[in-house]
Every structure is written in structure tokens, then in C-alpha cells.
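# Inside the fold
Spelled out, the chains give:
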Amino acid sequence: MQRFDCSDEAERAAGLDAAVAAVGRGELVVLPTDTLYGLGADAFDSAAVAALLAAKGRGRDMPVPVLIGAWRTLDGLIDRVTPQVRDLIQAFWPGGLTVVVRHVPSLRWDLGDARGTVAIRMPLHPVAIELLGRTGPMAVSSANISGQPPAATADNAVAQLGGAAEVYLDGGRCVAATPSTIVDCTGDVPVVLRAGAISLDTLREVLPLIREPASS
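This is a predicted model, so every value here is computed, not measured. (Residues numbered from 1 in each chain as written. Predicted model: local features only at pLDDT ≥ 70, side-chain atom pairs only at ≥ 80, totals over all residues. Heavy atoms only, no water.)

## Considerations on helix α4 (residues 83-92)
By the burial criterion, the buried members of α4 are Val85, Leu88, Ile89 and Phe92. Considered in projection along α4, the buried side chains sweep an arc of 90° and stay on one side of the axis. Across from the buried face of α4, at angles greater than 90 degrees, the exposed residues are Pro83 and Gln90. Buried positions along α4 lie against α3 (71-75), β5 (97-102), β9 (181-184) and α7 (200-204). (Buried < 20%, exposed > 50% of the residue type's maximum accessible area, 1.4 Å probe, protein only. Helix = DSSP H or I, 4+ residues; strand = E, 2+ residues; numbered from the N terminus. Arc of directions from axis to C-beta. Contact = heavy atoms within 4.5 Å.)

## Examining the sheet that holds β9
Strand order in the open sheet formed by 10 strands is β1-β8-β2-β3-β7-β4-β6-β5-β9-β10, and the pairing between neighbours is mixed. Edge strands, defined here as strands with exactly one partner in the open sheet, are β1 (2-5) and β10 (191-194). Bridge analysis of strand β3 (residues 38-42) against strand β7 (residues 138-142) gives 5 bridges, and the strand direction is antiparallel. Directly across from Gly38, in β7, lies its bridge partner Ser142. On top of the sheet, helix α2 (residues 46-56) reaches β3 and β7; it is set at about 160° to β3, its chief contact. Docked against the sheet, helix α6 (residues 154-161) engages β1, β2 (29-31), β3 and β8 (167-170), running at close to 160° with respect to β8. (Pairing = 2+ DSSP bridges. Axes fitted to C-alpha atoms, helices over the stretch in contact; angles between N-to-C directions.)

## Re α2
Listing the buried residues of α2 in full gives Ala48, Val49, Leu52, Leu53, Ala55 and Lys56. Buried residues of α2, viewed axially, fall in a sector of 160°; they line one side. Residues of α2 that are exposed and point more than 90 degrees away from the buried face comprise Ala47 and Ala54. Tucked inside the fold, the buried residues of α2 contact β3, β7 and α6. The distance from a side-chain oxygen at the start of α2 to the backbone nitrogen of Ala47 is 3.1 Å, and the residue carrying that oxygen is Asp45. Downstream of α2 by a residue or two, Gly57 has a phi angle that is positive, lying close to 70°. (Polar contact = N/O pair within 3.5 Å; in protein donor to acceptor, adjacent residues only side chain to side chain.)

## Remarks on the pattern of salt bridges
What the rule picks out here adds up to 9 salt bridges. Put simply, Asp113 and Arg60 hold a salt bridge, and the shortest N to O gap is 3.1 Å. Here Arg60 lies in the loop between α2 and β4 (66-67) and Asp113 lies in the loop between β5 and β6 (117-121), a separation of 53 residues in the sequence. (Salt bridge = Lys/Arg side-chain N within 4 Å of Asp/Glu carboxyl O.)

## Observations concerning unusual backbone geometry
For residues that are not glycine, phi is negative in most cases, and the peptide bond is trans in most cases. The peptide bond linking Trp93 to Pro94 adopts the cis configuration, its omega dihedral lying at -10°. Summarising the element assignment, Pro94 is placed in the loop between α4 and β5. Even without being a glycine, Arg115 presents a positive backbone phi close to 55°.

Don't take any of this as a statement about function, it's just geometry.
Quick look at the structure:
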């Protein structure tokens, strides 16, 4: 296990190099984001994604989200960028919004039992963006054991995951320390699946018809 202090320029550079290499070898890395720390792997390496799920003690019934480092990446991953999706990502990316969309059927990835959908986000964190710019899309879930408190610091992540991750990129305490808001955009009307960093009222400033789940 290697840990790098990303507040130091030289360590940050070495850490990013180590993380890129680890992802390329199919290993897991922990990275800071604007919401919480994430446990990440190459999104197109099914064995690495399976290892990520195992490290968290999480089943395939909870598919792993994908983080990207550039808007243009979205066009190659999803079936269609609808006007609603475009409005949301233009307003809230990079940031604390995850959108659930239908992915291109030909993509060779296995993120869990996602049934043709994928949850995608672009994080607002310079270390995460630089890493994603070098690795391409990564499968990233919160850096904690399933059911335990999410990690707002690298120490939190190490305490829970230990040697399950090869590289830890320490970017300090996450400012928000709040999970992203998840919006399902697969239907005619977007639905909030999880309240989080972006409030419903703020979302409705962009898409007035967006709604909460029927059970709420």
C-alpha cells in the first residue's frame, strides 16, 4: 500500500503516476473527490470492478458508478444525451450530481446488475480530474465498507479498506463530506433517487419538473 500527500507538489505527481500505473494493472486506488473519498478501478476491467465490490462487501445488485474527467467523454458512453441530461450537466458538472442514463449497448464493461444503465458523474476536484484525464473512465464507489460511514478523509478510507487499495491519494478532508445527489434520467421525467450535495430546489431551478420518488 502506498499513500501520497497531494498537498505536496512532488508527492502529488508521484502519487498520480503510481495511481495511473495501479489502475492499468487492474488494482484499486483511493482518490479524493469534492463529495467523499472514492475507491476506484478501471471501468472496463471487469475483474478489477469485481475486486472493488468485494473490498466493500457490496453485491452486484448495487452497481458501481462511473467518474469521468471531461464532458466529451459522456458522448462515447451513453446512448443519447437528452436535452434534460445536457441541461443538468451544464449546470452542475463538475460537481455533486450523478446522473443515471442508458449506456451504449456495445460497451465492454461489467459494473454490476445495472440493466443497461450507468450512474455517471464528473467530480469537482483537481486530483480526481487529473487522474481521470490520464486513466479514462473509472468505476468509483465510496471508499468504505458497505454499511459503514463514508470516508471524508484518507485516514477514514485507510482504516476501513487498508491493503485492499494499492494507492491512496490524500487530498485532505473533503469539503462537502456529503454524497452526490443521484438523478435517474432514463424516463421522460427525471427522478431524484438520492438526496445529497445538490438540493431538489436547486435542481428545479434548472428542470422544474424534476421529481422525488413516488414513495417520498
